[in-house]
Amino acid sequence: MNNAVNDGVWSGRWVAERLGVGLEGDDGLPDLLGLALRRNPKRAHLLVSNVLGKHVPQSPSVVYGHGFRLGRRVRALLGDTAAATAVVLGYAETATGLGHAVADGLGLAPYLHSTRRPVPGITPAGGFEESHSHATSHLLLPEDPALLAGDGPLVLVDDEFSTGSTVLNTIRDLHARHPRDRYVVVALVDMRSPEDTARLQRFADGIGARVDLVAAASGTVRLPEDVLDKGRELVARHEAARPGETPAPPRGRITRVDLRWPRGLPDGGRHGFTPAHRARLETALPAMAARIAEALPADARDILVLGFEELMYAPLRIARELEQIAPDTRVRFSTTTRSPVLAVDDPGYAIRTRLVFPAHDDPADGPGERYAYNVAGAGFDAVVAVVDSAADTPALRAPDGLTARLAAHTPHVLLAVVPSHVPTPATTPERPAMLPEPLRGPAFSSYPPDEVGWLLRDLSDVTLEAPTEEREEAIQSGGAHYAESLPVEYQPSEQYQRLFHAALDTSAARIAHAVGVVTETVLQERSPRPVLVSLARAGTPVGILMRRWAQFRHGLDLPHYAVSIVRGRGIDANALRWLAAHHDPRDVVFVDGWTGKGAITRELAQAVEAFEEQDGITGFDPEIAVLADPGSCVRTYGTREDFLIPSACLNSTVSGLISRTVLRADLVGPHDFHGAKFYRELAGADVSTAFLHAVRDRFQEVADTVDSAVKELMTEDRTPTWAGWRAVERISEEYGIHDVNLVKPGVGETTRVLLRRVPWKILAKAGAGPDLDHVRLLAEQRGVPVEEVGELPYTCVGLIHPQYTRGATGADGRAVNV
């Protein structure tokens, strides 16, 4: 087999003919890119670079030259002054070597690449998601914490710029920590659609930064609508038709070569690589390449230098040096990879052969297959495998390991090991305390930026949704926490939307009255200058309305933030730390929409107590201020009536297009805020500001009644009776449920059951009237019976279906077995 990729045929033809995928753009695109099929359910096709040195063996001078020239273009774009303050960031695993080469071309900037290899004791300086990848989580682990803390240009390097989501995730994460005015995105190919291009520009405008793009070529990928299904079927058919891959027995000799790597020189940019490091490497390269050349057989003329996953730069530079000192030898470079790709031995397909072997560096995500493409059958006289010392394990040299697989296809295998650089954990206490500034609209949420600051991490580009029943089953199967996923956002019918607007018209004055009462109570009893902290997301519209009332009635411009609280795991401690660093905790007033049976009220009290014990920060009052307290759980409220609050009728489209909060260890680090998503795509259905304006417009007409109501309230005994909790216990027993966690009292909680869970039946207070019109409609749409009850302390109660009780989340947020 000729691994020169095309044999005169475009190496994307096979996929293009079968899936209808095509490349449109610059004339040079087919020379740069071929096509293959991913063994990945998230994306069918794979753009295979012919010049990256990852999947396709290529001349190291060609590989390095493409990156170096891109770096020169970046330096010309920035100018020497700005280039001297820049930092280059590459993406693991594919673009680690490319990013190094760009940094070399830039000449003045340090380099860092993301990694999927955590280091014990090293706190990540950031992290982000690559949503289409088979392995998504990226860590940033600079040895010098100041590396990413400057305000100079950040140069982001990837092999392809397909949608821009990964870049947006990166900039969003790092900009929140260390804002800067300029970013430069570098890629071999820019394959974004016009919509993706516009999305990046909107994002840049939203954060007030300039984002430039430098690419060797540009175009778009033409994808038919059914490409994912057709790709899966094609992969399945070819995998089924292929007999089990029986490795050929080793026939080659395996020899270890001592590179004499310079002591203290990092093996690459995983923890930072400076221009001074590069100068040391340049000095040492000739001697290291000479040792490789001496160990090669005299008659070897076709050589492959094979790097190892993220370790691309060191073997690339060694290969390029070997190419220069041995002009009669044909040297090629590629690396092993985690990426699962279908191999098809056809000249019109980019991945002709595949070697499969087990991971050999004890990866943090557990054992798995690794691959080397276009190596078998390529006719190499020798393969020089370059790995770092963390990967020099018995698994590497096992009978089914990499070296044995290589020895089955070449007479000579040379193994060269580069010492893995392990940084010393930082000892400065300031780093872990650094927290990003709040997210604000329009970059995050449809609310104006002064209305609310979200103490959350943006997970907008991460797929977290699942259908209701599937989500319940997933929680049930492993006792998973409800906050680790999101329900699919309910999209209301036209009839339901009409009900919402009708309910808003009839209840706006009542809501305005409750807003005025609770705000005036807070101002008189809690603090004359309160810091409003809403519990995301139901509390956020209420917090904004309270802030607007304070402006309307007193001319106050109150700070307002939204934070996450998760049942069973407490309030976001990092959010409390941020608040304590910026405000007096005694001024903080936690705000929510309503109380049901009081689970969140108790959760907050316990969480604040635990936080005070752990951090030694005191002063936070855990009592929640709510619009409605039908459960009699708090002292600070606008009303204790259980009436329809229209913001409970919808999900994100009445809450600034923000999802419920998410707490998952692989997405939220120990020094991150809890996460949430901004559903920009639902902007056409957004009624968030319409709801706020409708209530705000009624402030003037209720002002006098608010004053009298507050005076009366101040003379009443408002001690919580927890009557709602007792009622829930009674209902649980009367209906044979025997679990209070499956009883959701009140209009708001009943609506949530119908929108998010698997409801069993709805109990409605006899004569409840139009407050329950939307509940009745939702129940009809989902086939849920509504049972009218004479004696009910709430307007309605939602009961979760007993069939799914094992998947229902209990007071600890985990699966409940009944």
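Our subject is the structure listed above.
Quick summary incoming for the structure in this document. (Residues numbered from 1 in each chain as written. Predicted model: local features only at pLDDT ≥ 70, side-chain atom pairs only at ≥ 80, totals over all residues. Heavy atoms only, no water.)

1. Quick look at the pairing of strand 23 (residues 560-563)
A regular strand carries its side chains on alternate faces of the sheet. Along strand 23, one buried face is formed by His560 and Ala562 and the opposite face, lined by Tyr561 and Val563, is buried too. Of the strand pairs in this sheet, strand 18 (residues 453-454) and strand 23 are connected by two bridges, and their pairing is parallel. Looking at the pairing, Trp454 lines up with Ala562 of strand 23. Note that strand 22 (residues 531-535) and strand 23 share four bridges and pair parallel. (Buried < 20%, exposed > 50% of the residue type's maximum accessible area, 1.4 Å probe, protein only. Helix = DSSP H or I, 4+ residues; strand = E, 2+ residues; numbered from the N terminus. Pairing = 2+ DSSP bridges.)

2. A short note on the packing of aromatic side chains
The final tally for this structure, using the stated rule, is 13 aromatic pairs. On the basis of an interplanar angle of 75° and a centroid distance of 4.9 Å, the ring pair of Trp549 and Phe699 is categorised as edge-to-face. Taken together, the residues Trp549 in helix 15 (residues 539-554) and Phe699 in helix 19 (residues 699-714) connect sequence positions 150 residues apart. Just as Trp549 is buried, Phe699 falls in that class too. For the pair Phe552 and Phe699, a centre-to-centre distance of 5.6 Å together with 45° between the ring planes defines the contact as tilted. Separated by 147 residues along the polypeptide, Phe552 in helix 15 and Phe699 in helix 19 bring together distant segments of the chain. Ring-pair connections join several aromatic residues into one group, and the members of that group are Phe444, Tyr447, Trp454 and Phe678. Here Arg317 stacks its cationic end above the ring of Tyr64, 4.7 Å away from the centre of that ring. A cation sits over an aromatic face here: Arg602 above Trp722, 4.5 Å from the ring centre. (Phe/Tyr/Trp six-rings, centres within 6.5 Å; stacked < 30°, edge-to-face > 60°. Lys NZ or Arg CZ within 6 Å of the ring centre and 35° of its normal.)

3. Comments concerning the sheet that holds strand 8 (residues 154-161)
The strand order 1-10-9-8-4-5 describes an open sheet built from six strands, whose pairing is mixed. The two strands at the open ends of the sheet, each matched to only one other strand, are strand 1 (22-25) and strand 5 (111-113). Direction aside, neighbouring strands of the sheet carry axes that sit 30° apart on average. Note: strand 1 against strand 10 (residues 210-222), four bridges, orientation antiparallel. Bridge pairing in strand 10 places Glu24 opposite Thr220. (Axes fitted to C-alpha atoms, helices over the stretch in contact; angles between N-to-C directions.)

4. Here we look at helix 5 (residues 96-106)
Taking burial as the measure, the 11 residues of helix 5 include 11 buried ones, the bulk of the element. For helix 5, the full list of buried residues reads Thr96, Gly97, Leu98, Gly99, His100, Ala101, Val102, Ala103, Asp104, Gly105 and Leu106. Downstream of helix 5 by a residue or two, Gly107 has a phi angle that is positive, lying close to 85°.

5. Observations concerning the side chain of His55
Within the secondary structure layout, His55 lies in the loop between strand 3 (45-49) and helix 3 (60-78). Setting aside residues up to four positions removed in sequence, His55 forms contacts with Leu46, Val48, Thr337, Ser339, Ile351, Tyr373 and Asn374. (Contact = heavy atoms within 4.5 Å.)

6. A short note on the side chain of Glu93
In this fold, Glu93 is placed in the loop between strand 4 (87-90) and helix 5. What makes Glu93 buried here is its relative accessible area of 4%. A distance of 3.3 Å separates a polar side-chain atom of Glu93 from the backbone nitrogen of Arg338. When residues no more than four places from it in sequence are discounted, the contact partners of Glu93 are Lys54, Arg116, Glu309, Glu310, Met312, Thr336, Thr337 and Arg338. (Polar contact = N/O pair within 3.5 Å; in protein donor to acceptor, adjacent residues only side chain to side chain.)

7. With respect to the pattern of salt bridges
Counted according to the given criterion, the structure contains 44 salt bridges. Arg18 is paired through a salt bridge with Glu17; the nearest N and O atoms lie 3.8 Å apart. According to the relative accessible area criterion, Arg18 is partly exposed, its value standing at 36%. A salt bridge links Arg182 to Asp212, with the shortest nitrogen-to-oxygen separation between them at 3.0 Å. In this pair, Arg182 sits in strand 9 (residues 182-190) while Asp212 sits in strand 10, placing the two residues 30 residues apart along the sequence. The exposure class assigned to Asp212 is buried, which follows from its relative accessible area of 15%. (Salt bridge = Lys/Arg side-chain N within 4 Å of Asp/Glu carboxyl O.)

8. Quick word on the packing of helix 3 against helix 10 (residues 313-325)
Two elements in contact, helix 3 and helix 10, have axes separated by 8 Å at closest approach and are oriented at 125°. With respect to helix 10, the element helix 3 is oriented oblique. Crossing handedness for the pair helix 3 and helix 10: left-handed. Of the residues in helix 10, those in contact with Pro60, Ser61, Val63 and Tyr64 of helix 3 are Tyr313, Leu316, Arg317, Ala319, Arg320 and Glu323. Its residues placed into classes, the contact of helix 3 with helix 10 shows six nonpolar, one polar and three charged. (Parallel < 35°, antiparallel > 145°, perpendicular 65-115°, else oblique. Left-handed = near helix turned anticlockwise from the far one by under 90°. Nonpolar A, V, L, I, M, F, W, Y, C, P; charged D, E, K, R; others polar.)

9. Thoughts on the pairing of strand 13 (residues 330-336)
Counting buried positions along strand 13 yields six of seven residues, so the element is predominantly enclosed. Pairing between strand 12 (residues 302-308) and strand 13: seven bridges, direction parallel. From the neighbouring strand, Leu306 faces strand 13, where its bridge partner is Ser334.

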